[in-house]
Each structure stands twice: as structure tokens, then as C-alpha cells.
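For reference, the chains in residue letters:
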Amino acid sequence: MFRPVFLSALLIILSSNAQAQKDFVANYDEARISEFQLPDPLTTDAGEPVTDAKAWTQVRRPEILRDFTTEVFGRGPQPCAIRHEVVNENREAIHGKAIRREVDVFFGESDDAHSMRLLIYTPKAGQNVPAFLGLNFGGNHTVDPDPTISLTTRWVRDRKNETTKKHTATEAGRGTSASRWPVEMIIDRGYALVTIYYGDIDPDFDDGFENGIHGVFRTEMETIPPGQRWGSIAAWSYGLSRALDYLQQDASIDASRVAVIGHSRLGKTSLWAGAADERFKMVVSNNSGCGGAALSRRAIGETVGRINTSFPHWFCDNFTKYNSNENACPVDQHQLLALIAPRALYVASASEDKWADPKGEFLSAVHAGPVYRLLGTNGLGDKITAETMPAPDTPINEGKIGYHLRNGKHDLTEYDWRQYLDFADRQL
Ligand code: GCU
């Protein structure tokens, strides 16, 4: 009885979403941006100016964090106890320079708890090293061609080629995203790399918040008002925090020096993870765009309305209130960056990635500056203003916020990694 009604309602929603996506025309013309005023990170909801670190930490930061939680990403589950099991280990990885392990981390202590699989590379030389932690799109086996890395058995996106078959990963996918994960360079620079397939935490499709850790924490989710229930980005971020819980127990890694990194939707995720969990010492947003580093009010390229239509499961349902209505949102994305202050933050854009609004990503970093300065650091540095967006391939990396516009497409490249490693050398 119930099911056919539910299915036909779902079909109606899906087809109207598809129509809205078809009808959407992105604006790329600066002259056509409607007038807007950015919410001030340094004025409280009661209209009081925030003039010292105490007022920021005790009043304003919690207000902004609350607004991102209830209006944008959604309220996630409370941290759960974790347990782990080492799945395999290769002590001669990366030409004998690294130890490679896979470790399952379980959300909860019960035997049947849901798990995510960490792929961990640590340099053989060095103990207690700093690490980069980031989610990957295709499965750990796509990060490096090494045939001893396990092939994910979880749901994967259909790549429409031989690397996936009916949403299952195949052997042909091994190493296919290696260009995004220059493991040898990271190891040579003295860092560990930890990566997890994001689908282990929450499969990336809209099923009404049923699968992944939505299902695991169903009872808890039902206590949260529907509009505020966590979306997939908050779920992935939650997984990153539980991975950090595990790293705190891993003797080969210094968990107080972990940089959380992500590309695109996973860049939105690294920002929210770093904003919500202050244990992350550094945060990297690579081409994160709308709902990530880019200012929503500019509505250049992808907009809030468009992202909520194409990806209804990424944010909480309250975020749809701001579809074509960005000015009504109590926060904008510069405040997401400000939540990371005074910790190290690197925002990167790509010149051809207009959909993600490179200028909006840069301006966001500029407008997070006042909070960084209030907390005694220099943000992007003293000479950088909204008018001085750097030319392609000229990184700004002297301050506590780094930024570059790479020449080229939406991607995570070796060039990007070199900038992050240089920045991390100074910051970690
Ligand atoms: C789409 C989406 C972006 C997202 C990107 C990605 O292009 O519109 O918001 O960042 O996918 O994650 O690859």
C-alpha cells in the first residue's frame, strides 16, 4: 500500500529535479551578480562587535558553528567509541621507502559495527610523523596500482567504463586516481598519507538518509528535527573525525599534526571536518566550490539552489530554504573558513574551474582574514586584499592562510600537492 505511493512521489521529485537541472543556466558574469552584504564574522547575533579572542571563542564562534550545523551541513551523531583491526601490511611499499597498512576502523564496539578501511602509508625513516588525511572517490585501490591493496566491495559510482560493473569496483580500477595521490612524493617529504574510500562512510547517492552511517545512527538521527539531520558531507566529515580518533592511537603518526585534505565535494567535506573538529591542525580545500570555500551570495557558477537540486543528500534539508535566496542565510562560506582560525588553512582554485567560482573562493579567504587577525595571526598576509587576487600559478603562502589559483582544470594535481607540502612544512 505504502510503497507504490512512496515510489511515485519519489519519481515525481526526481523528474522535477531533473527538469530544474536542465533549466538551470549558470551565471559567469560579475556584472550580473545581485547586490549582497556578507554577514560579519565579527558581529554577534545581538549586534555586538567582537573585539577580542575571548568573545570570538565564547560567543561568536559558537553562533557561527551552530548556524552551519542547523542550516547548512546538519547535526551529526555524537562521537562513538571506535575499535580497529589491521587488515594487511606491506613493509616494502613504495620501493621499500614506506610501510603500507590497511586498518578497519569500526563505528562502535559491537562485532557487527559498520566500518571504514584506512589505507595508511608511513615513511620507514621517521617516527611520529605529521600526516595528510583525505577521503578518496573511487576506493583505496584507485590510489596506487599496488595489487595488494584491497579492492573495495562497497557500492561505487558507475564510471561507465571497465573500472566498475553494476556499482562494484573491478581490478581495472587499480591506480586510476594515482595522479591525485603522489604517495612517493608525500613519503619523501616525511609525511604519512591516510586515505579512506568515502563510500565506506556514506554511499554518495540520495536514498533519503538511509544507508551508510545514517543507518548506523538511525535512532540518534530520529531525535534531530528533520530539517537539521546531517547530510552526506557531515557524514563524511564525521568519518574523518573518527579516523583521527584512530590516528591518536597509532604510534607511527603524530595526531596533533594532521592536515585534513579534500578535493571538490570532498573539499567541502575537509572544510566542515576542520571547522567542526579543532583537533585538525591544518585544513586543505582543493577546488571545493559551492558549499565549500566559494561565497554563496555571489551565485557564480554553481548555486545553492542548483547544488541542493542535483545533490539533495549532501546538505541538511534546511539548506534548501536558501535556494535562490542566499541573502537570507545567516552565514556565508567565509565564516566556514573563519571557524578554522587560527589554525592553518589552504584554499586552492583552478583557472578553468569556473563552476566552483575561483574568485569567490579567493574572496572567502580574504574575508576570513579579520578573524585570523583578531586571533593574532595574519590570514593571507598583510599585502593581500580583495583587489589583489593572484595570477595563476603564483601561490600566496606566507601567512596562516595559503591560496593559489592553478592553471588548468578542476582536479587535484601534483602541482597542488607541492604547494600543500611546502605550506605544511611551515605550519606543522
Ligand atoms: C559537481 C558538483 C560540485 C562538486 C563536484 C565534485 O560538479 O556540482 O559541487 O564539487 O561535482 O565533487 O566533483
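For the structure, see preceding data.
Summarised in this report is the structure supplied together with it.

1. Regarding the pairing of strand β11 (residues 401-406)
Now for step 1: β11 sits mainly inside the fold: 6 of its 6 residues count as buried.
Now for step 2: The side-chain alternation of β11 yields two buried faces, one formed by Ile401, Tyr403 and Leu405 and the other by Gly402, His404 and Arg406.
Now for step 3: Relative to β11, strand β10 (residues 344-350) runs parallel, the two sharing 6 bridges. Among the inter-strand pairings, Tyr346 is bridged to a residue of β11, identified as Gly402.
Now for step 4: With helix α12 (residues 358-374) bridging β10 and its parallel neighbour β11, the resulting β-α-β unit is right-handed.

2. So, the packing of helix α2 (residues 53-73) against helix α9 (residues 265-276)
Now for step 1: At a closest axis distance of 11 Å, the pairing of α2 and α9 adopts a crossing angle of 140 degrees. By the criterion of interaxial angle, the relationship of α2 to α9 is oblique. Note on packing geometry: the crossing formed by α2 with α9 is left-handed. Facing Arg61, Leu65, Phe68, Thr69 and Phe73 of α2, the residues of α9 in contact are Trp272, Ala275 and Ala276.
Now for step 2: Residues of the contact of α2 with α9, tallied by class, amount to 6 nonpolar, 1 polar and 1 charged.

3. Some details on empty space enclosed by the protein
Now for step 1: This structure, assessed with the given rule, holds 3 cavities of 30 Å³ or more.
Now for step 2: Considered as a void within the structure, the largest cavity measures approximately 60 Å³ in volume.
Now for step 3: Lining the largest cavity are Cys290, Ala294, Leu295, Ser296, Ala299, Ile300, Glu302, Thr303, Val304 and Asp357.
Now for step 4: Approximately 40 Å³ is the volume found for the second largest cavity.
Now for step 5: Looking at the second largest cavity, the residues that line it are Ser296, Arg297, Val304, Phe319, Tyr322, Glu326, Cys329, Val331, Asp332 and Gln333.
Now for step 6: Among the residues making up the lining of the second largest cavity, the classes are represented as 5 nonpolar, 2 polar and 3 charged.

4. Description of the pattern of salt bridges
If charged atoms from side chains of opposite charge come close, those side chains can pair.
Now for step 1: Following the criterion strictly, the structure yields 31 salt bridges and no others.
Now for step 2: In this structure, Glu85 engages Arg83 in a salt bridge whose closest nitrogen and oxygen atoms are separated by 3.3 Å.
Now for step 3: Taking the shortest distance from any N to any O, the salt bridge between Asp277 and Arg279 comes out at 2.7 Å.
Now for step 4: Owing to a relative accessible area of 11%, Asp277 belongs among the buried residues under this scheme.
Now for step 5: By sharing partners, the salt bridges in this structure join Asp45, Arg60, Glu63, Arg66 and Asp67 into a single network.

5. Concerning α9
Now for step 1: Here α9 spans 17 Å end to end across 12 residues, near enough to the 16 Å set by a 1.5 Å rise per residue.
Now for step 2: When α9 is considered as a whole, its buried residues turn out to be Arg265, Leu266, Gly267, Lys268, Thr269, Ser270, Leu271, Trp272, Ala273, Gly274 and Ala275.

6. A word on the sheet that holds β10
Adjacent strands of a sheet form backbone hydrogen bonds with each other and so pair up, either parallel or antiparallel.
Now for step 1: Strand order in the open sheet formed by 9 strands is β1-β2-β3-β7-β4-β8-β9-β10-β11, with mixed pairing between adjacent strands. Every interior strand has two partners, whereas the edge strands, β1 (82-92) and β11, have only one. Strand-to-strand twist in this sheet, taken as the mean axis angle between neighbours without regard to direction, amounts to 20 degrees.
Now for step 2: Across 5 bridges, the pairing between strand β9 (residues 282-286) and β10 is parallel. Within the sheet, the bridge partner assigned to Ser285 lies in β10 and is Val347.
Now for step 3: Relative to the sheet, α12 contacts β10 and β11, its axis offset from that of β11 by approximately 170 degrees.

What counts, and at which threshold
- Residues numbered from 1 in each chain as written.
- Predicted model: local features only at pLDDT ≥ 70, side-chain atom pairs only at ≥ 80, totals over all residues.
- Heavy atoms only, no water.
- Buried < 20%, exposed > 50% of the residue type's maximum accessible area, 1.4 Å probe, protein only.
- Helix = DSSP H or I, 4+ residues; strand = E, 2+ residues; numbered from the N terminus.
- Pairing = 2+ DSSP bridges.
- Right-handed = clockwise from strand over helix to strand, strands pointing away.
- Axes fitted to C-alpha atoms, helices over the stretch in contact; angles between N-to-C directions.
- Parallel < 35°, antiparallel > 145°, perpendicular 65-115°, else oblique.
- Left-handed = near helix turned anticlockwise from the far one by under 90°.
- Contact = heavy atoms within 4.5 Å.
- Nonpolar A, V, L, I, M, F, W, Y, C, P; charged D, E, K, R; others polar.
- 1 Å grid on protein atoms, 1.4 Å probe; cavity = no way out; pocket = protein on both sides within 12 Å on 5 of 7 lines; lining within 4 Å.
- Points joined across faces, edges and corners; volume = space filled by probe spheres on them.
- Salt bridge = Lys/Arg side-chain N within 4 Å of Asp/Glu carboxyl O.
- Expected span 1.5 Å × (residues − 1).

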